[in-house]
Each structure stands twice: as C-alpha cells, then as structure tokens.
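Observations on the three-dimensional arrangement
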Amino acid sequence: MKWATTDHIHLDRVACPWLIRRFIDPKAEFFFVLRGKEDTRPKDAIPFGIPGVELGPHDEHGTCFDKFLRKYKLNDTALAEMAKIVESGVHHAITRGDDRNKVAALEGIGMDAISEGMMLSTLGDADNLDKSMAIYDALYAYCKAHILMKEDTPLAQKGMLQRVDLLRGPIKAALTMKTMK
C-alpha cells in the first residue's frame with residue numbers, strides 16, 4: 001500500500017511508518033509531500049499526520065501513533081508503552097521542555113532529541129525513516145522487555161546481561177512475527 005504524510009518527519013511521523021512496516025504493511029511505500037501541498041499526494045495513498053484526515057496529527061484525540069493503534073486494533077502492551085513515550089516526546093517538542101516534570105514517560109524527551117538529530121543528520125525524509133527503523137525497533141524491544149519483566153518477577157531479579165540473553169530471542173521473535181504479516 002501507499003502511505004502519505006507531510007515532509008520533515010519527526011518523532012510521531014517516524015513512529016507511524018515504523019508501526020506500519022512492522023505491524024500493518026511490511027511492503028509499505030511512503031510519500032512525503034510539502035506542507036501546504038497535501039493535495040499533491042498520490043490519490044491512492046492513505047494519508048496520515050495530515051490535518052483533516054482520519055489518522056491526523058496529534059490533537060485532543062491523541063498522537064497519530066495512538067490513532068493507528070486504535071484503528072488497526074494493535075493491542076500489544078509494548079506498543080501501548082511506546083505510545084506513552086511518543087506522546088511524551090511530542091508534548092516535549094511542543095513545549096520545548098518547559099514542563100519536563102509533567103511528561104508521562106521521560107524517555108520521550110530522549111526520543112525528541114534523537115528525532116531532531118535524525119532530521120539534521122540525514123539526507124531527507126526517506127533516509128531519516130530508513131535510519132530510524134533500528135531506533136524504533138530498539139524502543140519496542142526496550143518496552144517489550146519492561147513488560148516481560150513485570151510479568152516475570154524472577155526474570156526482573158536477574159542481572160542486566162542475563163536478562164538481555166534471556167529476552168533477546170522472545171523480543172526478536174515478536175518483531176519478526178509482526179513483520180511477516
């Protein structure tokens with residue numbers, strides 16, 4: 001399928017293509033249109049992060065990432081944890097950090113910084129998206145590990161290196177299973 005959003009992707013509009021490729025449409029093709037020129041997107045592309053569309057940008061109904069989770073019924077607890085981080089990062093980006101103590105997930109502040117750095121260090125939106133996939137895979141792994149440790153107290157009591165060895169396989173399997181859809 002084809003998907004379209006505005007250019008200069010950052011945080012939420014990088015997380016959404018990651019989510020699409022990993023959990024919805026592994027062969028997704030993305031188009032980045034100039035702001036104000038949203039009408040130039042391919043007519044057969046599903047728009048997201050564009051004002052006035054079903055999967056619009058962050059608003060009182062949540063981030064674009066939240067909207068994807070609801071629309072596609074992605075009930076993965078690790079994705080719900082990621083959604084808190086994405087929302088916190090979006091909030092931080094909007095407020096420029098004036099109220100750090102009010103974000104739900106401090107990791108979001110780091111994701112905002114990484115997202116801005118990716119915008120600055122890549123050749124454009126497609127390059128940003130390609131290079132950011134590993135970052136969002138790592139964020140998913142981090143969230144999945146936290147969920148698995150909450151569910152397994154003996155696992156949580158092991159040292160970090162032991163936990164990594166024990167969790168690497170199940171997390172990789174979770175990502176691989178989703179990507180193979």
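Here is a short report on the structure shown in this document. (Residues numbered from 1 in each chain as written. Predicted model: local features only at pLDDT ≥ 70, side-chain atom pairs only at ≥ 80, totals over all residues. Heavy atoms only, no water.)

A few words now on the nonpolar core. The biggest cluster of nonpolar side chains holds 37 residues, and the ones touching the most others in it are Trp18, Phe65, Phe68 and Leu79. Those elements giving two or more residues to this core turn out to be helix H1 (12–24), helix H2 (64–71), helix H3 (77–95), helix H5 (125–151) and helix H7 (160–179). Discounting chain neighbours no more than four positions away, the residues touching Leu79 are Trp18, Leu19, Phe23, Phe65, Leu69, Leu74 and Tyr140. If you look at the next biggest cluster of nonpolar residues, it comprises five residues, including Ala145, Met149, Leu155 and Leu167. (Core = buried A, V, L, I, M, F, W, Y, C linked by side-chain atoms within 4.5 Å. Buried < 20%, exposed > 50% of the residue type's maximum accessible area, 1.4 Å probe, protein only. Helix = DSSP H or I, 4+ residues; strand = E, 2+ residues; numbered from the N terminus. Contact = heavy atoms within 4.5 Å.)

Going through the model one piece at a time under the given rule, you end up with zero disulfides. Cys16 forms no disulfide, and the closest cysteine sulfur to it belongs to Cys64, at a distance of 3.6 Å. Looking at Cys16, the relative accessible area reads 0%, which means it is buried. With no disulfide of its own, Cys143 has Cys16 as its nearest cysteine by sulfur position, at a separation of 15 Å. (Disulfide = S-S within 2.5 Å.)

Per the counting criterion, the structure on display carries eight salt bridges. Among the salt bridges present, the one from Glu81 reaches Lys84, with a minimum N-O distance of 3.3 Å. Highlighted residues: Glu81 and Lys84, both in helix H3, separated by three residues, approximately one helical turn. Classification of Glu81 as partly exposed rests on a relative accessible area of 23%. Between Lys131 and Asp127 there is a salt bridge, and its shortest N-O distance comes to 3.2 Å. Of this pair, Lys131 and Asp127 are both found in helix H5, four residues apart, which corresponds to roughly one turn of the helix. (Salt bridge = Lys/Arg side-chain N within 4 Å of Asp/Glu carboxyl O.)

Turning our attention to the packing of H2 against H3. Viewed as axis vectors pointing N to C, H2 and H3 meet at an angle of 155°, and their least axial separation amounts to 9 Å. On the basis of their axis angle, the class for H2 and H3 is roughly antiparallel. Helix-helix and strand crossings are classified by hand; for H2 and H3 the assignment is left-handed. For the pair formed by H2 and H3, the contact residues are Phe65, Asp66 and Leu69 on the first element and Leu79, Met82, Ala83 and Val86 on the second. Grouping the constituent residues of the contact of H2 with H3 by class yields six nonpolar, no polar and one charged. (Axes fitted to C-alpha atoms, helices over the stretch in contact; angles between N-to-C directions. Parallel < 35°, antiparallel > 145°, perpendicular 65-115°, else oblique. Left-handed = near helix turned anticlockwise from the far one by under 90°. Nonpolar A, V, L, I, M, F, W, Y, C, P; charged D, E, K, R; others polar.)

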